[in-house]
Protein chains: 2
Amino acid sequence: MAPPPGRDEQRRGIERELKRGSLELIVLHLLTPGEAYGYEIVSKLTAETNGALEVTDGTLYPVLYRLERAGFVAVRWETPERGVPRKYYALTESGREELQRLTDEWTTFARAMARLLRSRD
Amino acid sequence: MAPPPGRDEQRRGIERELKRGSLELIVLHLLTPGEAYGYEIVSKLTAETNGALEVTDGTLYPVLYRLERAGFVAVRWETPERGVPRKYYALTESGREELQRLTDEWTTFARAMARLLRSRD
DNA sequence: CAAATTATCTTGTCACGCAAGATAGTATAC
DNA sequence: GTATACTATCTTGCGTGACAAGATAATTTG
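Not measured: the values here are computed from a predicted model.

Q: I'd love a proper account of unusual backbone geometry, names of residues and values included.
A: Peptide bonds are trans in most cases, and residues, glycine excluded, mostly fall at negative phi. Despite not being glycine, A:Asn50 has its phi angle at roughly 55 degrees, a positive value. Take A:Asn50: it is sitting in the loop between helix 3 (38–48) and helix 4 (57–69).

Q: Account for the protein's contact with DNA strand C, with residues named and values stated.
A: Close to DNA strand C lie 27 residues; A:Arg16, A:Arg20, B:Tyr39, B:Tyr61 and B:Arg86 are nearest. At the protein interface, 62% of the atoms of DNA strand C within 4 Å belong to sugar or phosphate. Between a phosphate oxygen of DNA strand C and a side-chain N or O atom of A:Thr59, the distance comes to 3.4 Å. Residue A:Arg66 places a side-chain N or O atom 3.3 Å away from a phosphate oxygen belonging to DNA strand C. Among the elements of the structure, helix 1 (6–19) and helix 4 of chain A together with helix 3 (38–48), helix 4 (57–69) and strand 3 (86–91) of chain B are those that each provide at least two residues to the surface near DNA strand C. For the surface near DNA strand C, the element with the highest residue contribution is helix 4 of chain A, accounting for four residues.

Q: Tell me what's going on with the interface of chain A and chain B, and back it up with residues and numbers.
A: Taken together, the contact between chain A and chain B spans 35 residues of the former and 35 residues of the latter. For the pairing of chain A and chain B, the buried interface totals around 3,600 Å² over both sides, and the portion due to carbon and sulfur atoms is 70%. On the chain A side of the contact with chain B, A:Leu18, A:Trp106 and A:Phe109 bury the most area, a combined 19% of that side's loss. Run the count over chain A and chain B and you get two salt bridges. A salt bridge links A:Glu17 to B:Arg20, with the shortest nitrogen-to-oxygen separation between them at 3.1 Å. Taken together, the connections running from chain A to chain B amount to six residue pairs in polar contact (both at pLDDT 80 or more). Among the elements of the structure, helix 1, helix 2 (23–30), helix 3 and helix 5 (93–118) of chain A are those that each provide at least two residues to the side of chain A that touches chain B. Tallying contributions element by element places helix 5 of chain A first for the side of chain A that touches chain B, with twelve residues. When grouped by side-chain class, the residues that make up the side of chain A that touches chain B number 18 nonpolar, seven polar and ten charged.

Q: Please provide a residue-by-residue account of the relation of the copies chain A and chain B, values included.
A: Structural alignment of chain A on chain B gives an RMSD of 0.0 Å, achieved by rotating through 180 degrees and translating 0.0 Å along the axis. In short, the pair behaves as if placed about a two-fold rotation axis. Of the interface residues in chain A, 100% have counterparts in chain B that sit at the interface too, so the contact is made through matching surfaces.

Q: I'd love a proper account of the sheet that holds strand 1 (residues 36–37) of chain B, names of residues and values included.
A: Residues and elements named next belong to chain B. The three strands lie next to each other as 1-3-2, forming an open sheet whose pairing is antiparallel. Looking along the sheet, the strands with just one partner apiece sit at the ends: strand 1 and strand 2 (73–78). In the sheet, strand 2 pairs with strand 3 via six bridges, with the strands oriented antiparallel. Across the sheet, Trp77 pairs through a bridge with Lys87, a residue of strand 3.

Q: Lay out the packing of aromatic side chains in plain terms, naming residues and giving numbers.
A: Residues and elements named next belong to chain A. Applying the stated criterion to the full structure yields two aromatic pairs over all chains. Centroid distance Tyr37 to Tyr88: 5.3 Å. Interplanar angle 70 degrees. Geometry classified as edge-to-face. With Tyr37 in strand 1 (residues 36–37) and Tyr88 in strand 3 (residues 86–91), this residue pair connects regions lying 51 residues apart in the sequence. For the residue pair Tyr37 and Tyr88, the accessibility class agrees, reading buried in each case.

Q: Any chance you could break down the protein's contact with DNA strand D for me, citing the residues and the numbers?
A: The local shell around DNA strand D holds 28 residues, among which A:Tyr39, A:Tyr61, A:Arg86, A:Lys87 and B:Arg20 are the closest. Atoms of DNA strand D within 4 Å of the protein: sugar and phosphate make up 65%, bases the balance. At 2.7 Å from a phosphate oxygen of DNA strand D is found a side-chain nitrogen or oxygen belonging to A:Tyr61. Where the surface near DNA strand D is concerned, the elements lending two or more residues are helix 3, helix 4 and strand 3 of chain A together with helix 1 (6–19) and helix 4 of chain B. Broken down by element, the residue count for the surface near DNA strand D peaks at four residues, all from helix 4 of chain B.

Rules used throughout
Residues numbered from 1 in each chain as written. Chains lettered and ligands numbered in written order. Predicted model: local features only at pLDDT ≥ 70, side-chain atom pairs only at ≥ 80, totals over all residues. Heavy atoms only, no water. Helix = DSSP H or I, 4+ residues; strand = E, 2+ residues; numbered from the N terminus. Near = heavy atom within 4 Å. Polar contact = N/O pair within 3.5 Å; in protein donor to acceptor, adjacent residues only side chain to side chain. Contact = heavy atoms within 4.5 Å. Buried area = accessible area lost by both parts, 1.4 Å probe. Salt bridge = Lys/Arg side-chain N within 4 Å of Asp/Glu carboxyl O. Nonpolar A, V, L, I, M, F, W, Y, C, P; charged D, E, K, R; others polar. Least-squares fit on C-alpha atoms with pLDDT ≥ 70 in both. Pairing = 2+ DSSP bridges. Phe/Tyr/Trp six-rings, centres within 6.5 Å; stacked < 30°, edge-to-face > 60°. Buried < 20%, exposed > 50% of the residue type's maximum accessible area, 1.4 Å probe, protein only.

Below, the structure written as structure tokens:
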């Protein structure tokens, strides 16, 4: 028997929607200190936000691919003598600009929301 | 000839994604002062946020329907002696609870984002 | 009467988060 | 030596939701 849907799934569904359009910004931001590989980003994000902005690899890899395709990140494979090969991502100049743009956009949106929710109308 | 895609559409696309999961919250909040009808909500929202959180009716009506279906709003038709009939929406008790829940959820998310973006890592 | 305005609803499209599964190498334990 | 767990990547398919576009209808204004 499958467990009933319940509150949790609905709640998770909302978080899911809230992340929409923010993930590219999040990933670009996480690359500002320097290059990183996918698996690393997943753990970094979970750790740094105490799980509030957690993502799975099934979510992250498509994001990274979009960013690469758009020229916002540059890719470098590294095959260590022992261990699984890693794909390192680094911000490009264009990526840095995009990061700025997305940050502004997000801030504008968040401010508008905050102002609205504060209002008694 | 159709105009090329261009920056504007991408940019609009991001706003679009950012609204995801926030619209129900927005609408519920706009109903706190009292009942309102769909068309009214559209203009109200555009006016109060200077277009930052603008929605079209094609977006709003499905949201209202979802809220009605979930029991978060109660519906009342009003047919004035002259003019098009209006469908008035009002918060239910359950809707008020949902509003609180969504507000908390949004705040948590926005705080996590703000904290992350502030960090230099 | 034509055009604009108020008001609602429906259909179809596209993007994206993510669960689930595939693949593969390394390390630990039994 | 084989099972189990961890590191690391990628792919497929599903469901959801914003919104453009179009339909409908009554009223107002030019």
